[in-house]
There are 2 protein chains.
Amino acid sequence: MAKPMLQVALDTDTTAQALSVARQVSDVVDVVEAGTLLIYQEGMSAVRDLRAIAPNKIVLADAKVADAGGHVGKVAKDAGADWMTCINAATVPTMAQAQKQIEVQVELYEGWDNKERAQEWLDNGIDQVVYHQSRDAKAAGQVWGEKDLNSVKKLIDMGFKVSVTGGVKPEVLKLFAGVPVYCFIAGRAIHGADDPHAAAMAFKNEINRIWG
Amino acid sequence: MAKPMLQVALDTDTTAQALSVARQVSDVVDVVEAGTLLIYQEGMSAVRDLRAIAPNKIVLADAKVADAGGHVGKVAKDAGADWMTCINAATVPTMAQAQKQIEVQVELYEGWDNKERAQEWLDNGIDQVVYHQSRDAKAAGQVWGEKDLNSVKKLIDMGFKVSVTGGVKPEVLKLFAGVPVYCFIAGRAIHGADDPHAAAMAFKNEINRIWG
């Protein structure tokens, strides 16, 4: 079974903060994400700057695109991103246009649980999804559990590469033991840590222990 | 019946282009929107700059927020926005947190057609929705028609203030005659016109003719 990758989600307020964390963890992580909150603050310059300091990593623009997929896909690609997210609420044509420009991940928020629509994504060459717990749902008391595990397994069985995110901490990973998760995405657990490098290593060590 | 408002969606590549259009049309429109595509490019500085040149207009940050609603709502409010969009795929807690910071509009893309969930938005004080045709769906051949009209009417009957957008041109407005649409949103039909002021006036005149 392939080892899950590790992605750092840089949802900082400023590009400078993101660059500081990326500098500290880019020898550990596989994917460097310009988070949605950072893109809202700084725009695509955040993607360009992260690309500049992580030339050999996968760079993701977490734009959660809902519309104009071809346009934004090209903008993100030109800024140096390898991957870009679309929101599940985007129409299939939006995702398909985006996929022509850049590798698309579909972020699964409310209303995604429609197998026919997910199959259409696959039929249009989109085989990456991000399984999610939202920050606000977690704040309202949701925790990772069996239900999430089963949803992730079903998506993998359909043929998706599934990344997992939303309050992921090292101790959450063992829930997915034996499941070929594509990528674990950690945000504040890394960039909010006193020592981001040590925090990223804690994830990497746990991945190696479980999937190694 | 209240007259629908007119909103210009500034989905330009640069803030400078948006400012130029806003300068030309701000005596005609009611709402000045920093479009999603502009926010992706320039970040919240686009909202701040539009606020600066349209101090007496409603300014909308079309961020299509999917998560961290309270955080982004505060960021958008601090940048000078009066309203902010959330995507229909956001969880109710995300929208409710956003609404505590700023007036929220829910943008209706795929998977929104769930009356129970829409009722939850109302129950959380969110009474603005944006009825949409996506750019890419239109490119794939969708046109405005009876089905859209009926969807808009149903949302109004539920108690929503409904804005209408997506390839809206002056000749589309008469389809909604007799319906209390809250706001018509025009993007490229205004900012892509040779004379944005004349294009905005064509919308305003048609609104006055039909609802005046």
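Structure shown above.
My aim in this report is to walk through the structure given alongside it, one point at a time. What you see is a predicted model; the values in this text were computed from it and never measured.

Packed helix pairs are specified by the crossing angle of their axes together with the interaxial distance, meaning the distance between the axes. All names here are of chain B. The interhelical angle for the contact between helix 1 (residues 15-25) and helix 3 (residues 45-53), taken along N-to-C directions, is 25°, at an axis separation of 10 Å. Judged by the inter-axis angle, helix 1 sits roughly parallel to helix 3. Viewed along their axes, helix 1 and helix 3 form a crossing whose handedness is right-handed. Only Ala46, Asp49, Leu50 and Ile53 of helix 3 make contact with helix 1, whose side of the interface consists of Thr15, Ala18, Leu19, Ala22 and Arg23. Looking at side-chain class alone, the contact of helix 1 with helix 3 contains six nonpolar, one polar and two charged residues.

Further remarks concern the sheet that holds strand 3 (residues 58-65) of chain A. What links the strands of a sheet is backbone hydrogen bonding, and the strands pair in either a parallel or an antiparallel sense. Residues and elements named next belong to chain A. The eight strands lie next to each other as 1-2-3-4-5-6-7-8, forming a closed barrel whose pairing is parallel. Here the average twist between neighbouring strands, direction ignored, is 25°. Summarising the sheet, strand 6 (residues 128-132) and strand 7 (residues 161-165) pair through five bridges and their orientation is parallel. Counterpart to Val130 in the pairing with strand 7 is Ser163. Packed on one face of the sheet, helix 5 (residues 92-99) meets strand 3, strand 4 (83-87) and strand 5 (103-108) and runs near 145° to strand 5.

Now for the relation of the copies chain A and chain B. One chain copy maps onto the other through a rotation about an axis and a shift parallel to that axis. For the pair chain A and chain B, the relating rotation is 180°, the translation along its axis is 0.0 Å, and the fit reaches an RMSD of 0.0 Å. The superposition operator between the copies reduces to a two-fold rotation axis. Ranked by how close their C-alpha atoms come to the rotation axis, the residues of chain A are headed by Gly43(A), at 2.0 Å. Looking at the interface residues of chain A, 100% of them are also at the interface in chain B, so both copies use one shared face.

The tally for this structure, following the rule as stated, stands at 14 aromatic pairs over all chains. Residues Phe184(B) and Trp211(B) carry aromatic rings whose centres are separated by 5.5 Å and whose planes lie at 55° to one another, so their mutual orientation is tilted. Placement of Phe184(B) in strand 8 (residues 183-186) and of Trp211(B) in helix 10 (residues 196-211) is noted, with a sequence separation of 27 residues between them. Relative accessible area serves as the criterion here: at 0%, Phe184(B) is assigned to the buried category. Under the relative-accessibility criterion, Trp211(B) is labelled buried at 7%. Among the aromatic residues, ring-to-ring pairing joins Trp112(A), Tyr131(A), Trp144(A), Phe176(A), Phe184(A) and Trp211(A) into one connected group.

Now for helix 5 of chain A. Of all eight residues making up helix 5 of chain A, six are buried, and the element is well covered by its neighbours. Residues Val92(A), Thr94(A), Met95(A), Ala96(A), Ala98(A) and Gln99(A) constitute the buried set of helix 5 of chain A.

Consecutive residues of a regular strand have side chains that alternate between opposite faces of the sheet. Residues and elements named next belong to chain B. Most of strand 5 (residues 103-108) is tucked away: five of the six residues are buried. As paired elements, strand 4 (residues 83-87) and strand 5 share five bridges and run parallel to each other. Directly across from Cys86, in strand 5, lies its bridge partner Val106. Examined bridge by bridge, strand 5 and strand 6 (residues 128-132) share four bridges and lie parallel to one another. In the sheet register, Leu108 faces strand 6, and the bridge partner there is Tyr131.

Right, let's talk about the nonpolar core for a bit. The biggest cluster of nonpolar side chains holds 149 residues, and the ones touching the most others in it are Trp121(A), Phe176(A), Trp121(B) and Phe176(B). Broken down by element, this core gets its largest block of residues, six residues, from helix 10 of chain B.

It is worth spelling out the interface of chain A and chain B at this point. At the junction of the two partners, chain A supplies 36 residues and chain B supplies 36 residues. Between chain A and chain B, a total of about 3000 Å² is buried, with carbon and sulfur atoms accounting for 58% of that surface. For the pair chain A and chain B, the interface holds two salt bridges. Glu110(A) is paired through a salt bridge with Arg117(B); the nearest N and O atoms lie 3.5 Å apart. In this assembly, chain A and chain B are joined by 11 residue pairs in polar contact (both at pLDDT 80 or more). Taken together, the elements giving at least two residues each to the side of chain A that touches chain B come down to helix 2 (36-42), strand 3, helix 4 (69-78), helix 5 and helix 7 (135-139) of chain A. The element contributing the most residues to the side of chain A that touches chain B is helix 2 of chain A, with five residues.

What follows is about the environment of Phe176(A). Residues and elements named next belong to chain A. Here Phe176 shows up in the loop between strand 7 and strand 8 (183-186). Its relative accessible area of 0% is what places Phe176 among the buried residues. For the pair Phe176 and Ala140, spaced 36 residues apart in sequence, the C-alpha to C-alpha distance is 23 Å. In contact with Phe176, other than residues within four places in its own chain, are Trp144, Leu149, Val152, Val164, Val181, Phe184 and Trp211.

Below, the discussion takes up the pattern of salt bridges. Pairing is possible between side chains of opposite charge, provided their charged atoms come close. Residue and element names in this part refer to chain A. Applying the stated criterion across every chain yields a total of 16 salt bridges over all chains. The shortest N-O distance in the salt bridge between Arg51 and Asp82 comes to 2.9 Å. With Arg51 in helix 3 (residues 45-53) and Asp82 in the loop between helix 4 and strand 4, the pair connects residues that are 31 residues apart, well separated along the chain. Classification of Arg51 by relative accessible area gives buried; the value is 19%. Among the ionic pairs, Lys64 bridges to Glu107, the shortest N-O distance being 3.1 Å. Residue Lys64 is located in strand 3, and its partner Glu107 is located in strand 5; the two are separated by 43 residues in the primary sequence. Accessibility classification places Lys64 together with Glu107 in one group, the buried group. Salt bridges sharing common partners tie together Asp62, Lys64 and Glu107.

Rules behind the numbers
- Residues numbered from 1 in each chain as written.
- Chains lettered and ligands numbered in written order.
- Predicted model: local features only at pLDDT ≥ 70, side-chain atom pairs only at ≥ 80, totals over all residues.
- Heavy atoms only, no water.
- Axes fitted to C-alpha atoms, helices over the stretch in contact; angles between N-to-C directions.
- Helix = DSSP H or I, 4+ residues; strand = E, 2+ residues; numbered from the N terminus.
- Parallel < 35°, antiparallel > 145°, perpendicular 65-115°, else oblique.
- Left-handed = near helix turned anticlockwise from the far one by under 90°.
- Contact = heavy atoms within 4.5 Å.
- Nonpolar A, V, L, I, M, F, W, Y, C, P; charged D, E, K, R; others polar.
- Pairing = 2+ DSSP bridges.
- Least-squares fit on C-alpha atoms with pLDDT ≥ 70 in both.
- Phe/Tyr/Trp six-rings, centres within 6.5 Å; stacked < 30°, edge-to-face > 60°.
- Buried < 20%, exposed > 50% of the residue type's maximum accessible area, 1.4 Å probe, protein only.
- Core = buried A, V, L, I, M, F, W, Y, C linked by side-chain atoms within 4.5 Å.
- Buried area = accessible area lost by both parts, 1.4 Å probe.
- Salt bridge = Lys/Arg side-chain N within 4 Å of Asp/Glu carboxyl O.
- Polar contact = N/O pair within 3.5 Å; in protein donor to acceptor, adjacent residues only side chain to side chain.

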